[in-house]
Amino acid sequence: MVDIKNVVVVGAGQMGNGIGQVSLMVGLNVTLVDIKDEFVDAGYANIDEGMKKLEAKGALSESADDIMARCKKSTDLASAVKDADIIIEAVVENMDVKKQVFKTCDENAPAHCIIASNTSTMSITEMATATNRPDKCIGMHFFNPVPLMRLIEVIYGEKSSDESIEKAMEFANKLPCLKGKRYIAKVLKDRPGFICNRVTAPVQIYNNYVFDLCAEKGISWKALDNDTRGPMPTCVLADYVGIDTLYHGQVYYSKTLSPDFAPGKVVSQLFNEGKLGKKTGQGFHDWSQGRPKPDRSAGKARIMKLKYSIAIMLNEGCRVLEEGVTTSWEVIDQVLMAGMNMPGIMGPNVNNSAKQVEVLNELIEMTGKKYFTPCDLLKSEKWVEMK
Ligand code: 3HC
């Protein structure tokens, strides 16, 4: 297979321009594509700003201008992919749009070119049906912000060849990360949400319950954020990821995993009002002055409990193992740390299944959501051996 030199990123938003930036930093040529000049220009400007920051810190081996000279802009996908060795699609989470992108890429890119999707949740196998090269269609799932989060998931669609996956693993391993060594996880089965997003997905069912309860009781999002620890509080992270991304993901999971994932009232309202978080300047929080800072004066909501999130993720981790998405709980723990800076939940500290089963049953009682039913692998404790 040809060495990867020319990378095309389709979708110049937060994820797309992050993928473009790290590709440029290892000497590759990047074409940033979007449907409007203003979107491509904004993505390009973000990359340029990042490069200038790194240049000022002496962290680049070339000048920022030399690097940016390798970055092209385009609004014409068909001609942009003519010399592509790999295409990474990072457009809106809509299967029809993604399939259209895959089709155009397939019709216009060289035969050796790999077509990858950065989807958060959706089926790679289905996207590949829009092409005549399903063996070269794969998932490459990055985490936001791409230059700072270490994880990349490389995902097998049903027809992806080992060769395409190995090539993508090699490419992913070259991409720099500003905060430590990259962790590249091979995802063995094309299941909704893959590993990281899947394990954390049902926490969104619980979050939706909490958001709607807070809205009902008039509790502020700042107070709710004070309930959580970790790198980003719940509402800040939701805004950061994007309310649209969350909403589309929840709709997708509600169709593919369980109706319990249907977006709650608060998330639906924010989505319908176009309050999408960081990208629009308003979501749960106001982002016009940058990332919202914790406000201790708001007090605590005392609603969100970490023990529920841990039990939910442990149960879902066991489902991921049952389904063969990965074969080791150690991979799940590594993925959570590299993708979300979240300490592992499956290691020896948490493997008291009986206690977790009790917590899950308490959750079902509280929320009425049957998806929290403990799975067989959790109950049997056999997952502990799947190292
Ligand atoms: N180029 C160059 N430099 C950059 C840069 C860029 N693109 N982005 C950031 N930097 C620099 C900053 O300027 C800063 O430099 P300084 O130290 O000299 O000031 C440095 O990198 C660190 O940046 P921050 O101050 O923003 O970093 P923090 O220490 O605050 O950490 C964080 C930020 C790593 C994002 C942390 O808050 C975190 O871990 N949050 C959780 C994020 C998370 O969970 N992401 C996953 C979401 S889920 C997902 O993406 C999946 C998808 O499918 C939805």
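Residues numbered from 1 in each chain as written. Predicted model: local features only at pLDDT ≥ 70, side-chain atom pairs only at ≥ 80, totals over all residues. Heavy atoms only, no water.

Moving on, we come to the site of the ligand. The ligand sits among 24 residues. The nearest are K57, S120, H141, K179 and N341. With respect to the ligand, the side chain of S120 contributes an N or O atom lying 2.7 Å from an oxygen atom. At the level of secondary structure, the elements contributing two or more residues to the shell around the ligand comprise α2 (37-56), α11 (234-241) and α15 (329-340). Of the residues forming the shell around the ligand, the biggest block, 3 residues, is contributed by α2. (Near = heavy atom within 4 Å. Polar contact = N/O pair within 3.5 Å; in protein donor to acceptor, adjacent residues only side chain to side chain. Helix = DSSP H or I, 4+ residues; strand = E, 2+ residues; numbered from the N terminus.)

This part covers the nonpolar core. By size, the foremost hydrophobic cluster in this structure holds 66 residues, and its most contacted members are L224, F284, M346 and W383. Broken down by element, the residue count for this core peaks at 8 residues, all from helix α14 (residues 306-322). Not counting residues up to four positions away in its chain, the partners in contact with M346 are L314, G317, C318, L321, W329, I332, D333 and W383. The next biggest cluster of nonpolar side chains, apart from the first, holds 40 residues, and it includes I19, M51, I138 and M140. (Core = buried A, V, L, I, M, F, W, Y, C linked by side-chain atoms within 4.5 Å. Buried < 20%, exposed > 50% of the residue type's maximum accessible area, 1.4 Å probe, protein only. Contact = heavy atoms within 4.5 Å.)

The subject of this paragraph is the sheet that holds strand β4 (residues 86-89). Working definition: the strands of a sheet are paired by backbone hydrogen bonds and lie parallel or antiparallel to each other. Strand order in the open sheet made by the 8 strands is β3-β2-β1-β4-β5-β6-β7-β8, with mixed pairing throughout. Each end of this open sheet is capped by a strand with a single partner; those strands are β3 (71-74) and β8 (183-187). Shown here is a sheet whose adjacent strand axes are inclined to one another by a mean of 25°, direction ignored. Bridge count for strand β2 (residues 29-33) against β3 is 4 bridges, and the pairing is parallel. When the bridges of β3 are listed, V33 appears paired with S74. Helix-sheet contacts for helix α5 (residues 95-108) involve β1 (6-10), β4, β5 (114-117) and β6 (137-142), and the interaxial angle to β5 is about 165°. Together, β1, β4, β5, β6, β7 (151-156) and β8 form the strand contacts of helix α7 (residues 162-174), whose direction differs from that of β7 by roughly 170°. (Pairing = 2+ DSSP bridges. Axes fitted to C-alpha atoms, helices over the stretch in contact; angles between N-to-C directions.)

The next point concerns the pairing of β6. Taking burial as the measure, the 6 residues of β6 include 6 buried ones, the bulk of the element. The side-chain alternation of β6 yields two buried faces, one formed by C137, G139 and H141 and the other by I138, M140 and F142. As judged from the 3 bridges shared by β5 and β6, these two strands associate in the parallel manner. Bridge pairing links I115 to C137 in β6. Strand direction decides the pairing type here: β6 and β7, joined by 5 bridges, are antiparallel.

Bringing a positive patch on the surface into the picture now. Taken together, the side chains of K179, K278, R291 and K293 make up a positively charged region of the molecular surface. Relative to the assigned elements, R291 resides in the loop between α13 (265-272) and α14. (Patch = residues over 30% accessible without salt bridge, like charges linked within 9 Å, V, L, I, M, F, W, Y side chains within 5 Å. Areas by Shrake-Rupley, 256 points an atom, 1.4 Å probe, with all protein chains shown as cover. Salt bridge = Lys/Arg side-chain N within 4 Å of Asp/Glu carboxyl O. Lys, Arg positive; Asp, Glu negative; His and termini not counted. Charge placed at Lys NZ, Arg CZ, Asp CG, Glu CD.)

Across all of its chains, the model carries 8 aromatic pairs by this definition. Ring geometry for F211 and F284: centres 4.7 Å apart, planes at 50°, overall tilted. Of this pair, F211 sits in helix α9 (residues 203-217) while F284 sits in the loop between α13 and α14, placing them 73 residues apart in sequence. Residue F211 shares its accessibility class with F284, and that shared class is buried. The aromatic ring of Y371 is capped on one face by R319, whose charged end is 4.2 Å from the ring centroid. (Phe/Tyr/Trp six-rings, centres within 6.5 Å; stacked < 30°, edge-to-face > 60°. Lys NZ or Arg CZ within 6 Å of the ring centre and 35° of its normal.)

Let us now look at unusual backbone geometry. Most peptide bonds take the trans form, and the phi angle of most residues other than glycine is negative. Going from N144 to P145, the amide bond is cis rather than trans, its omega being 0°. As for its position among the elements, P145 is in the loop between β6 and β7. A positive phi angle, close to 50°, is found at N341, a residue other than glycine. In this structure, N341 sits in the loop between α15 and α16 (353-367). In this model, E381 sits at a positive phi of 65°, which is unusual for a non-glycine residue. Within the secondary structure layout, E381 lies in the segment after α17 (376-380). Owing to a relative accessible area of 34%, E381 belongs among the partly exposed residues under this scheme.

A word on the pattern of salt bridges. Using the criterion set out here, one finds 24 salt bridges in the structure. Across the salt bridge formed by E107 and K103, the nearest N and O atoms sit 2.9 Å from each other. One end of the pair is E107 and the other is K103, both in helix α5 and 4 residues apart, which spans about a single turn. On the basis of relative accessible area, E107 is assigned to the exposed category, the value being 53%. Across the salt bridge formed by D135 and K136, the nearest N and O atoms sit 3.3 Å from each other. One network of salt bridges, with partners in common, ties together R191, R198, E316, R319 and E323.

With that settled, the discussion passes to the side chain of S353. Relative to the assigned elements, S353 resides in helix α16. When neighbours within four sequence positions are excluded, S353 is seen to be in contact with L378, E381 and W383.

Right, let's get into the layout of surface pockets. Looking at the second largest pocket, its volume works out to about 170 Å³. Along its surface, the second largest pocket is lined by E93, N94, M95, M122, E126, H248, V251, Y252 and K255. At 4 residues, helix α12 (residues 243-256) tops the list of elements feeding residues into the lining of the second largest pocket. Structurally, the lining of the second largest pocket is a two-domain feature, drawing no fewer than three residues from each of domain 1 (6-190) and domain 2 (198-298). (1 Å grid on protein atoms, 1.4 Å probe; cavity = no way out; pocket = protein on both sides within 12 Å on 5 of 7 lines; lining within 4 Å. Points joined across faces, edges and corners; volume = space filled by probe spheres on them. Domains from an automatic or database assignment.)

Honestly, that's just the spatial picture; any functional story needs more than this.
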